[in-house]
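# Commentary on secondary and tertiary structure
Chain by chain, the residues run as shown.
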Amino acid sequence: MESAEWGSRVLPSLGRLSRGPPFGRMQGQLGLSLSSHGLSPAPRSLANADPRRTAFLLHKQWTLYSVTPLYRFSSARLRAYARMLSAFIAAEKQKGLAVEVGVELDIKVAVSSLPDLRGTDQDQAAILVQLSLRSPISKKNSEDKLVWSGCFCSVFGDDLSEKIPPDFTCLPLFLTNGAESYTSIVGSWFQKNFDCSFRRLAISPLNLGWMAAMWTGCKMDILTSAIELVFSVPRLPQPLDISYAIHPEDAKALWDTIQKTPGEITQEEVDVFMDCLYAHFHRHFKIHLSATKLVKVSTAIASAHCDGIIKFLQSQYLTGVLMLLTELAICHIQ
Amino acid sequence: MSVVQPFDKLPIPNSAACLLVGSDEGLQQRLAEALLLEKKSFKISIHLATSLPLPSERDHLRPRIDLIVFMIDIKSKYSLENVEASLAYVDASFFLGKVCFLVTGVGRVNSCSVEISAVWKLGEAYCSPVLFCELELEGIRVATAQRLLRMLQICAGHITGVSALSFGLLMRNSDDN
């Protein structure tokens with residue numbers, strides 16, 4: 001897609017706040033981190049990509065991390081990395097940090113490259129790490145059981161990849177599915193070998209509201225599931241969660257009346273959309289949702305939780321959602 | 001009179017009054033306590049309100065308000081809406097340096113529900129400084145209390161040679177740099 005078609009970029013958000021007052025007006029202003037272009041189906045460059053190869057991402061719960069650029073990572077040495085990683089995992093097990101006890105289990109590591117999972121050609125091809133269980137009890141020809149997957153990717157991450165020196169590989173978004181213990185082992189191996197650092201990518205309520213508006217506005221042939229927003233009410237003796245479900249056609253009709261330019265979304269439009277939903281709720285239940293914290297957004301396209309957990313539900317908009325997450329990851333690193 | 005006026009009452013010698021307006025009462029309480037703990041050479045009275053207008057029944061008991069601090073919690077959009085609604089009940093001459101916006105909860109970026117550029121725009125529209133703080137951290141709470149106390153001293157006219165208006169302009173000019 002031509003870069004001229006994208007809307008203007010909204011100011012990037014600030015990573016951390018508690019140190020010093022860097023609340024400058026122009027650079028580093030704390031605000032929305034997502035750019036204002038809307039979500040569109042996969043761009044032309046990926047039209048030839050095989051959706052079956054990226055289908056493994058769908059319908060699974062992925063935990064999000066942001067990764068700083070990897071030093072001297074070469075996509076030609078993936079098999080060597082797989083060998084080294086499996087040796088590392090075996091060594092960790094010897095040390096008693098094993099995740100399974102009892103049966104002697106063999107973890108097989110596969111590291112592969114996914115050239116389909118990227119935005120432009122400037123992006124690095126995604127790297128997929130898979131840990132499977134090879135138990136000696138199972139038959140020789142039976143399939144190994146996949147226990148953990150991790151995917152490094154960068155979709156339209158030009159912002160960061162342009163600025164870094166050539167020895168570094170830029171893959172800011174890391175998605176994991178599987179036990180947390182494996183995530184920490186794999187993460188520490190990558191940290192030791194490529195001098196990168198992983199941080200859990202949390203999504204703020206502001207960005208979740210943005211995602212809700214963006215995903216509601218997507219054109220879908222069949223609108224299957226409702227738009228669901230979950231709010232957590234602060235400072236109560238017992239924790240209270242409010243779940244607000246909206247019929248997808250109503251939500252889309254509301255968004256269509258608000259959005260002025262198709263393909264472009266502004267912060268004002270997102271605010272108006274959310275305010276309308278809050279006002280409707282207040283009229284019926286006399287509860288101000290704007291005083292609560294938005295923790296989860298579920299639509300037919302994807303569902304996102306503020307702790308940094310995402311579930312992709314549509315292959316058509318997969319790239320778009322990954323692009324949003326890459327942007328969040330990049331802002332998180334900076 | 002439902003609108004808060006800056007000069008409708010006579011000042012009390014060697015004392016100053018500050019009004020904190022914000023939807024979160026717990027935070028207001030903590031800030032007020034921090035203000036009272038500070039060493040000062042004048043008497044201070046702090047009034048807390050969740051929103052304006054103030055009830056008119058007790059108007060005659062209230063002293064002249066020298067500084068209004070509007071507290072906005074970054075985790076709650078409702079607090080911003082509350083402040084925006086309350087601004088209508090403040091007399092225009094208050095905005096010559098006697099109003100300040102205090103944004104709290106900035107230590108928690110991941111719970112941010114308010115867009116900061118909206119707060120900056122509010123500060124610019126009302127010609128008032130915007131301060132950021134995190135009242136859950138004691139060091140910052142004490143520092144914020146000291147800042148507000150200084151501003152209160154200036155707004156009450158206790159510092160000779162510096163008026164509220166000139167100080168407000170000074171803060172705005174330093175922001176722009």
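Please read these numbers as outputs of a predicted model, since none were measured by experiment.

### Notes on the packing of helix α4 (residues 205-216) of chain A against helix α6 (residues 267-285) of chain A
All names here are of chain A. For the pair α4 and α6, the least separation of the axes is 9 Å and the interaxial angle reads 90°. Taken as axis vectors, α4 and α6 run roughly perpendicular relative to one another. Residue-level contacts link Gly 209, Trp 210, Ala 212, Ala 213 and Thr 216 of α4 to Gln 267, Val 270, Phe 273 and Met 274 of α6. Across the contact of α4 with α6, the residue classes break down as 6 nonpolar, 3 polar and no charged.

### Regarding the environment of Asn193(A)
Residues and elements named next belong to chain A. Examined against the element boundaries, Asn 193 turns out to sit in helix α3 (residues 180-194). According to the relative accessible area criterion, Asn 193 is partly exposed, its value standing at 38%. Taking the C-alpha atoms as reference points, Asn 193 and Leu 70, 123 residues apart in sequence, are found 8.8 Å from one another.

### Examining the nonpolar core
Residues and elements named next belong to chain A. Residues Leu 175, Trp 215, Leu 229, Ile 310, Phe 312 and Leu 322 are the most contacted members of the largest nonpolar core, which totals 64 residues. The greatest single-element share of this core, amounting to 8 residues, is contributed by helix α7 (residues 318-333). Looking at which domains feed residues into this core, each of domain 1 (4-202 + 320-333) and domain 2 (205-306) gives three or more. Filtering out sequence-adjacent residues up to four positions away, Ile 310 remains in contact with Lys 60, Gln 61, Trp 62, Leu 64, Leu 175, Trp 215, Ser 303, Ala 304, Val 321 and Leu 325.

### Topic: the confidence of the model for chain B
With 98% of its residues at a pLDDT of at least 70, chain B reaches an overall mean of 89. Here the prediction assigns the complex a pTM of 0.82, and the interface score ipTM is 0.84.

### Describing the sheet that holds strand β4 (residues 99-104) of chain B
What links the strands of a sheet is backbone hydrogen bonding, and the strands pair in either a parallel or an antiparallel sense. All names here are of chain B. If you walk across this open sheet you meet the 5 strands as β2-β1-β3-β4-β5, and the pairing is parallel. Single-partner strands in this sheet number two, and they are β2 (43-49) and β5 (130-132). Mean inter-strand twist for the sheet, computed between neighbouring axes without regard to direction, equals 25°. Contacts from helix α2 (residues 77-86) reach β1 (15-21), β3 (67-73) and β4, with the element oriented near 150° to β3.

### Quick word on the packing of aromatic side chains
Residue and element names in this part refer to chain A. Summed over the entire model, instances satisfying the criterion amount to 23 aromatic pairs over all chains. Relative to Phe 190, the ring of Phe 152 has its centre 4.7 Å away and its plane inclined at 50°; by these criteria the two rings are tilted. Taken together, the residues span a long stretch of sequence, with Phe 152 in strand β5 (residues 145-153) and Phe 190 in helix α3 at a distance of 38 residues. Judged by relative accessible area, Phe 152 falls into the buried class, the value being 1%. According to the relative accessible area criterion, Phe 190 is buried, its value standing at 3%. Taking the centre distance of 5.4 Å and the plane angle of 85° together, the rings of Trp 255 and Phe 273 count as edge-to-face. You can see Trp 255 sitting in helix α5 (residues 248-258) and its partner Phe 273 sitting in helix α6, a full 18 residues away along the chain.

### Regarding unusual backbone geometry
Put simply, Leu52(B) and Pro53(B) share a cis peptide bond, and its omega is 10°. A positive phi angle, near 55°, is found at Arg235(A), a position not held by glycine. The exposure class of Arg235(A) is exposed, given its relative accessible area of 63%.

### A short note on the state of the cysteines
All names here are of chain A. Within this structure, the stated rule accounts for 0 disulfides over all chains. Not engaged in a disulfide, the cysteine Cys 170 finds its nearest cysteine sulfur in Cys 153; these two sulfurs lie 11 Å apart. Judged by relative accessible area, which is 4%, Cys 170 ranks as buried. In this structure Cys 218 is a free cysteine whose sulfur lies 18 Å from that of Cys 153, the closest cysteine sulfur available. Look at Cys 218 and you get buried, because its relative accessible area is 1%.

### Structural notes on the confidence of the model for chain A
The predicted coordinates ought not to be read in detail in places where the model reports low pLDDT. Mean pLDDT over chain A stands at 79; residues scoring 70 or higher make up 79%. Contacts for the low-pLDDT stretch residues 1-33 of chain A, under 50 throughout, to residues beyond four places or in other chains number 72 contacts.

### Section: the pairing of strand β11 (residues 293-298) of chain A
Moving residue by residue along a regular strand, the side chains alternate between the two faces of the sheet. Residue and element names in this part refer to chain A. Where strand β9 (residues 227-233) meets β11, 5 bridges bridge the pair, whose relative direction is antiparallel. From the neighbouring strand, Leu 229 faces β11, where its bridge partner is Val 297. Of the pairings in the sheet, the one linking β11 to strand β12 (residues 302-305) comprises 3 bridges and is antiparallel in character. In the sheet register, Val 297 faces β12, and the bridge partner there is Ala 304. Taking the residues that link successive antiparallel strands as the turn, the β11-β12 hairpin has 3 residues.

What counts, and at which threshold
Residues numbered from 1 in each chain as written. Chains lettered and ligands numbered in written order. Predicted model: local features only at pLDDT ≥ 70, side-chain atom pairs only at ≥ 80, totals over all residues. Heavy atoms only, no water. Axes fitted to C-alpha atoms, helices over the stretch in contact; angles between N-to-C directions. Helix = DSSP H or I, 4+ residues; strand = E, 2+ residues; numbered from the N terminus. Parallel < 35°, antiparallel > 145°, perpendicular 65-115°, else oblique. Contact = heavy atoms within 4.5 Å. Nonpolar A, V, L, I, M, F, W, Y, C, P; charged D, E, K, R; others polar. Buried < 20%, exposed > 50% of the residue type's maximum accessible area, 1.4 Å probe, protein only. Core = buried A, V, L, I, M, F, W, Y, C linked by side-chain atoms within 4.5 Å. Domains from an automatic or database assignment. pLDDT = per-residue confidence, 0-100. Pairing = 2+ DSSP bridges. Phe/Tyr/Trp six-rings, centres within 6.5 Å; stacked < 30°, edge-to-face > 60°. Disulfide = S-S within 2.5 Å.

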